[in-house]
Amino acid sequence: MAQAEDGTDWAGLMLRVRDCQDRAAFAALFRHFAPRVKAFLMKSGAGAALAEECAQDVMAVLWQKAHLFDPARASVATWVFTIARNKRIDALRKDRRAEPEELDWGPEPEPDQAEVMEAQQETERLGRALAALPEKQRALIERAFFGELSHSEIAAETGLPLGTIKSRIRLALEKLRQQMT
Amino acid sequence: MKIRHHLSDQLLMAYSVGQLPEAFNLVVATHVSMCDECRARLASFDAVGGALIEEIDEIAMGEAALEAALARIDGLPQATRTEPLKTAGIFPAPLADYVGGDLSAVRWRRIGGGVKQAILPTGRSATARLLYIPAGVAVPDHGHRGMELTLVLQGAFADENDRFDRGDIEIADEEVEHTPVALAGEDCICLAATDAPLRFRGLVPRLAQPLFRI
Ligand SMILES: [Zn+2]
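In this report, the structure presented in the accompanying data block is examined. (Residues numbered from 1 in each chain as written. Chains lettered and ligands numbered in written order. Predicted model: local features only at pLDDT ≥ 70, side-chain atom pairs only at ≥ 80, totals over all residues. Heavy atoms only, no water.)

This part covers the pattern of salt bridges. Evaluated as defined, the whole model comprises 24 salt bridges over all chains. For the salt bridge of E99 of chain A with R97 of chain A, the shortest nitrogen-to-oxygen distance reads 3.1 Å. The class for E99 of chain A is partly exposed, based on a relative accessible area of 40%. R177 of chain A is paired through a salt bridge with D36 of chain B; the nearest N and O atoms lie 2.6 Å apart. Here R177 of chain A is found in helix α7 (residues 163-180), whereas its partner D36 of chain B is found in helix α3 (residues 36-55) on a different chain. Taking relative accessible area as the criterion, D36 of chain B reaches 11% and is therefore assigned buried. (Salt bridge = Lys/Arg side-chain N within 4 Å of Asp/Glu carboxyl O. Buried < 20%, exposed > 50% of the residue type's maximum accessible area, 1.4 Å probe, protein only. Helix = DSSP H or I, 4+ residues; strand = E, 2+ residues; numbered from the N terminus.)

Okay, here's the thing in C-alpha cells:
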C-alpha cells in the first residue's frame, strides 16, 4: 500500500473504514485530520466552537460517505479538503455550489497499486513544492484556499507543478471513457 | 465534437476554493460535467487544498472529541454506492437539477425576435439564465459590466473571431464588444451567467448579417 513519508498509510486506513467499518482506523484518521480541519475552518473565519462542531461533521461525512473515496483518484487529504470546503460553504452561508455530474467509475475492488501510490504521494509532493515557493506566493495561495480572496482577486498562477496531476487524472478519465463505449 | 473553449484557471481555482457566486458555480459545474480536460484541471486545484490541509498547523480538538465522534458513528449507517444520475437530455445533472428536468421543463419567456430566456433561481450576486436563440438570429445586444460566461448546450454561435459549439464556454469581460449570432442549422441553447445586472440596449434582436450564415 501507498505509505506517507511518516509511515502512515492513510489510504489503507480509509479503505478499512470503507470496506470493514473499522472504528480503530476511523479513530486514527480522526486524530490526524480533525485538528487540521478545525484549523482550516478557523483560518477561514469560523470561531473555535463552530470550527470544532464543523470538524466533527466533516469526520462524520468521511465515515458516512466512505464509499465515495477512491484511492486511485485522490489522496485522503484531498478528499478531506473537499468535504471541509463544502462544510465551510454551509456553515459560513457562502453561495451554493453545484457539483459536477458524478462519473460512473464502477466498482473497483482491486485498484491499480501504482495509481494508488501515485495519487497518495501527490499531496506530499505538492506540500514540498508549496514549502519551496517564495513566501509571498505561498501566502496568496493560502489566502485563496482559506476563502479570504474574492474570485476576481484570485491569481491562478500558483507556480506549483499541477500539470503532472492533471495529466494523471486525464489519463484515468480516458481509460474510463474507453471502458464505457 | 471536441471542446475547444475551456474555463480559465482563475475560475477553476475559485470554484475549487468555493468562492464563486452561485450562478457561476452552476456554469462551472455544468461545463466540468461535459469536459474531462477541465475535470482533470479542477482535480489538480483540489489537490492543492489537500496539500494545505496536510501542512496546516493543527488546532487541538476538545478533550472528549474523539469519544463523541465514535459515539456518533455508532448510530450512523454508511451510505452505499448508488449509480450516478444519468441524464438522457441535453442538460448535464447540475443544470437539470436547477431546471427541475430537461429542456421540456424550462419555462421560457419571449424577449423578442424569437429569442427566449429563462432566469434560473440563484443567489443575487450573479444571474444565471438559459437563452434560446433561433438559428441564424443574433444574440440580443446587451452590454454587461463584470464578467459573463456563456456555455453552449445545443447548436452553436459565432462572433467575429470564433465559433462556439456544444460544451464550449465563452468568457467575456466588459471590454468585449461583439455580435454573437446563432449559426444556421440548429437553434442555439446556452447557459449564461453574469455578475452584474444585464442592460439590454434594444429588445428586438437584429437579424443576422449574411456574413454569419455559415
Ligand atoms: Zn473544459
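Residue and element names in this part refer to chain B. Protein coordination of the zinc ion is provided by H6 (ND1), H31 (NE2), C35 (SG) and C38 (SG), with donor distances spanning 2.1 to 2.3 Å. Because the angles between the four donor atoms bound to the zinc ion fall within 94 to 129°, the donor set is best described as tetrahedral. The motif formed by the donor residues of the zinc ion, counted along the single chain, is H-x24-H-x3-C-x2-C. Highlighted residues: H6 in the segment before α1 (9-17) and C35 in the loop between α2 (22-34) and α3, separated in sequence by 29 residues. Of the residues examined, H6 reaches a relative accessible area of 26% and is grouped as partly exposed. (Donors = N, O, S within 2.8 Å, 3.2 Å for Na, K, Ca; no water. Tetrahedral: all angles 85-135°; square planar, octahedral: opposite > 155°, others 65-115°.)

Many descriptions give the size of an interface as the accessible area lost when the pieces come together. Counting residues at the interface gives 74 residues for chain A, matched by 70 residues for chain B. Between chain A and chain B, roughly 6,600 Å² of surface is buried when both sides are summed, and carbon and sulfur atoms account for 62% of that area. Notably, a salt bridge pairs K166 of chain A with E37 of chain B, separated by 2.7 Å at the nearest N-O pair. Of all the secondary-structure elements, those providing two or more residues to the side of chain A that touches chain B are α1 (10-20), α2 (23-43), α3 (48-64), α4 (76-91), α5 (113-132), α6 (135-145) and α7 of chain A. Tallying contributions element by element places α2 of chain A first for the side of chain A that touches chain B, with 15 residues. Taken together, the residues of the side of chain A that touches chain B break down into 37 nonpolar, 15 polar and 22 charged. (Contact = heavy atoms within 4.5 Å. Buried area = accessible area lost by both parts, 1.4 Å probe. Nonpolar A, V, L, I, M, F, W, Y, C, P; charged D, E, K, R; others polar.)

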